[in-house]
Amino acid sequence: METLRRHVSGSVFEPGEPGFAELATPWNVAVRTSPAAVVAVSTAQDVAEAVLFAAANGLLVAVQATGHGIASDHDGALLIHTRALEECTINPEGWARTGAGVTWKTVLAATAAHGLAGLCGLAPNVSVAGYTSGGGIGPMVRTFGAASDRVRAFDAVTGDGRLRRVTAESEPELFWGLRGGKSSLGIITATEFDLLQLPYIYAGALFFDTGHVDAVTRAWAQWCPTLPAEATTSLALMQLPPMPGVPEPLAGKFTVALRFVFTGSEDDGARWLAPMRSAGVPLIDAVAMMPSSMIGMVHSDPEDPLPATERSALLTDFSTDTVEALLQAAGPGTGSPQLAVEIRQLGGALSQEPDVASALCHRDAAFGMHTVGVAAPPELPAVAEHATGLHTAMNAWQFGGTLPNFSAAQGPEGFTSSYTPQVLDRLTELAGKYDPNALFRLGQVPAR
Ligand SMILES: Cc1cc2nc3c(=O)[nH]c(=O)nc-3n(C[C@H](O)[C@H](O)[C@H](O)COP(=O)(O)OP(=O)(O)OC[C@H]3O[C@@H](n4cnc5c(N)ncnc54)[C@H](O)[C@@H]3O)c2cc1C
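Residues numbered from 1 in each chain as written. Predicted model: local features only at pLDDT ≥ 70, side-chain atom pairs only at ≥ 80, totals over all residues. Heavy atoms only, no water.

## What to know about helix H12 (residues 379-393)
The terminal C-alpha atoms of H12, which comprises 15 residues, lie 21 Å apart, in line with the 21 Å expected from a rise of 1.5 Å per residue. Buried within H12 we find Val-383, His-386, Ala-387, Leu-390 and His-391. Projected down its long axis, H12 carries its buried residues within an arc of 135 degrees, all on one side. Looking at H12, the residues exposed on the side facing more than 90 degrees away from the buried face are Pro-381 and Glu-385. Where H12 is buried, its residues meet strand E17 (308-315), helix H11 (320-330), strand E18 (340-345) and strand E19 (367-374). (Helix = DSSP H or I, 4+ residues; strand = E, 2+ residues; numbered from the N terminus. Expected span 1.5 Å × (residues − 1). Buried < 20%, exposed > 50% of the residue type's maximum accessible area, 1.4 Å probe, protein only. Arc of directions from axis to C-beta. Contact = heavy atoms within 4.5 Å.)

## Let's talk about the domain arrangement of the protein
Once the domains are mapped, the protein shows domain 1 (2-81), domain 2 (88-197) and domain 3 (200-402). Here the C-alpha centroids of domain 1 and domain 3 sit 34 Å apart. Carbon and sulfur atoms supply 57% of the area that domain 1 and domain 3 bury against each other, a total of about 500 Å² over both sides. Looking at the side of domain 1 facing domain 3, the largest losses of area belong to Trp-27, Asn-28 and Val-29, adding up to 82% of the total buried there. (Domains from an automatic or database assignment. Buried area = accessible area lost by both parts, 1.4 Å probe.)

## Some thoughts on unusual backbone geometry
Backbone geometry at Lys-182 places phi at a positive 50 degrees, although glycine is not the residue there. Take Lys-182: it is sitting in the loop between helix H7 (172-178) and strand E10 (186-194). One non-glycine residue with positive phi stands out, namely Ala-438, at about 50 degrees. When you line up the elements, Ala-438 lands in the segment after helix H15 (421-434).

## Regarding the packing of aromatic side chains
In this structure the tally under the stated criterion is nine aromatic pairs. Measuring from ring centre to ring centre gives 5.6 Å for Trp-220 and Phe-318, while their planes differ by 70 degrees; the resulting arrangement is edge-to-face. Of the two residues, Trp-220 sits in helix H8 (residues 213-223) while Phe-318 sits in the loop between E17 and H11, which places them 98 residues apart along the sequence. The residues Trp-220 and Phe-318 share a single accessibility class, namely buried. (Phe/Tyr/Trp six-rings, centres within 6.5 Å; stacked < 30°, edge-to-face > 60°.)

## Let's talk about the sheet that holds strand E3 (residues 61-64)
Read from one edge to the other, the open sheet built from four strands follows the order E1-E2-E4-E3, with strand pairing classed as mixed. One side of each edge strand has no neighbouring strand; the edge strands of this open sheet are strand E1 (11-13) and E3. Across this sheet, the average inter-strand angle for adjacent strands is 25 degrees, counted without regard to direction. Sheet topology note: the E1/strand E2 (residues 37-40) ladder contains three bridges and is antiparallel. Within E2, the residue paired with Phe-13 across the bridge is Val-38. Packed on one face of the sheet, helix H3 (residues 44-56) meets E2, E3 and strand E4 (78-81) and runs near 175 degrees to E4. (Pairing = 2+ DSSP bridges. Axes fitted to C-alpha atoms, helices over the stretch in contact; angles between N-to-C directions.)

## Remarks on empty space enclosed by the protein
Scanning the model with the defined rule gives three cavities of 30 Å³ or more in all. Computed from the structure, the largest cavity encloses a volume of approximately 120 Å³. Around the largest cavity, the lining is made up of 13 residues, and of these Ala-313, Gly-368, Met-369, Leu-403 and Phe-406 lie nearest the centre. Contributions of two or more residues to the lining of the largest cavity are made by E17, E18 and E19. When the residues that make up the lining of the largest cavity are grouped by side-chain class, the tally is seven nonpolar, four polar and two charged. In this structure, the second largest cavity encloses a volume near 90 Å³. As for the second largest cavity, its lining consists of 15 residues, of which Gly-138, Pro-139, Thr-232, Ser-234 and His-299 are closest to the centre. When grouped by side-chain class, the residues that make up the lining of the second largest cavity number seven nonpolar, six polar and two charged. (1 Å grid on protein atoms, 1.4 Å probe; cavity = no way out; pocket = protein on both sides within 12 Å on 5 of 7 lines; lining within 4 Å. Points joined across faces, edges and corners; volume = space filled by probe spheres on them. Nonpolar A, V, L, I, M, F, W, Y, C, P; charged D, E, K, R; others polar.)

## Quick look at the site of the ligand
Near the ligand lie 31 residues; those nearest to it are Ala-65, Thr-66, Gly-69, Ser-127 and Lys-182. The side chain of Ser-127 places a nitrogen or oxygen atom 2.6 Å from an oxygen atom of the ligand. A distance of 2.8 Å separates a nitrogen atom of the ligand from a polar atom in the backbone of Ile-188. In the complex, 96% of the free accessible area of the ligand, which totals 940 Å², lies under the protein chains. Elements represented by at least two residues in the shell around the ligand include exactly E3, helix H5 (128-133), E10 and helix H13 (404-407). When residues of the shell around the ligand are assigned to their parent elements, the largest contribution, four residues, is made by H5. Taken together, the residues that form the shell around the ligand break down as 14 nonpolar, 14 polar and three charged. (Near = heavy atom within 4 Å. Polar contact = N/O pair within 3.5 Å; in protein donor to acceptor, adjacent residues only side chain to side chain. Areas by Shrake-Rupley, 256 points an atom, 1.4 Å probe, with all protein chains shown as cover.)

If you want it as structure tokens, here you go:
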């Protein structure tokens, strides 16, 4: 570790040293990891030095920016912490360059002044690099596709310790694999991506009380297929505890939240949303025109760290029978222990392959399903068991795969389920070429 300290301009923390625990603790505090050391890099060259050091010393390499999607198998690895790579350059012509530690929150604050927007996720405090490496399926995905479809270039360090400029022309294989392949081929040190000319959106959420959950869910299922690609929506069965930040009308109750983002005019947005506004009496109606930089308010996901246990699936359909299966397994009165069971409508622009192909798979799934529960004992076994039961109840509509941002953290099995066999084979082959010592294999490309 002294050698590594001499070679990096950032800092190296070993277990027990002040700073280690803070950096090694992910956002999801239910995930416990014990890396051999944390390198808080301050330059891209530091990343290259850390990778070379790991190769020379028989260590595996993991990467963390915010810890929103960290896998639990980092024990003994060298953890590269990127939060100090904080360059955020907004080009008013419509593109940005961000260091690997930059979150969407920073990007949105910086783009607002230019009337520009980025394709962030529903929680803007995840990093651009980590999010984009897994595709990036956000609250405008049906209109503009995945975030990885808008990437112009990466700077990335591959497993041989080389810092490379990765574009479709300069490194076509890496450009394909870094967009969707998570960190299996390299560690991104900077991302350059297109922004959208989109100062305002018509967006927000409608919340309905327990007595309306079934009717609203049924109405939502029938409404979704009518929507144009300018609209992206999701529905969440919610059981929020009474705690600071949870609005009083929602606290301690079973409610349903309908999220809606429309990129056209206010009038058109209101017209499309009208059938759902009348599907029940909303407890809260928070859908209105807003600056696109405030898109995080649509889902209002918690910003503070949580002990969460999550499970994801993709669905072929969300029809009448699917709704009934969902409500029977996770609706009001079922005793579901989940904080949220979310169904996201996919399709639209997501289902179109970008001009330059990428490793992101399963674009033709119709819906995504995601459960979130509190992971701490004593709830943990009940939450996990219920999630398994719910997934079994939805078997008839399982698409048969997942998306990497929602499952790569579940270890090799989750990672594998994110790809078709062909894409997995290609990623594995490229990992053999660009990561010859298999340094990046943690929770990623299966054993080679
Ligand atoms: C509350 C919440 C909401 C979310 N909403 C969405 C959503 O709407 N859409 C969506 O697509 N995803 C969503 N996610 C998933 C999230 O995008 C992924 O977990 C993502 O990996 C987080 O990136 P991070 O760098 O912030 O997290 P970290 O935990 O720091 O990193 C997670 C993983 O990302 C990869 N990674 C991180 N940095 C780099 C890098 N520099 N180079 C290469 N790979 C890297 C690595 O595989 C790493 O293990 C959500 C997650 C949470 C917890």
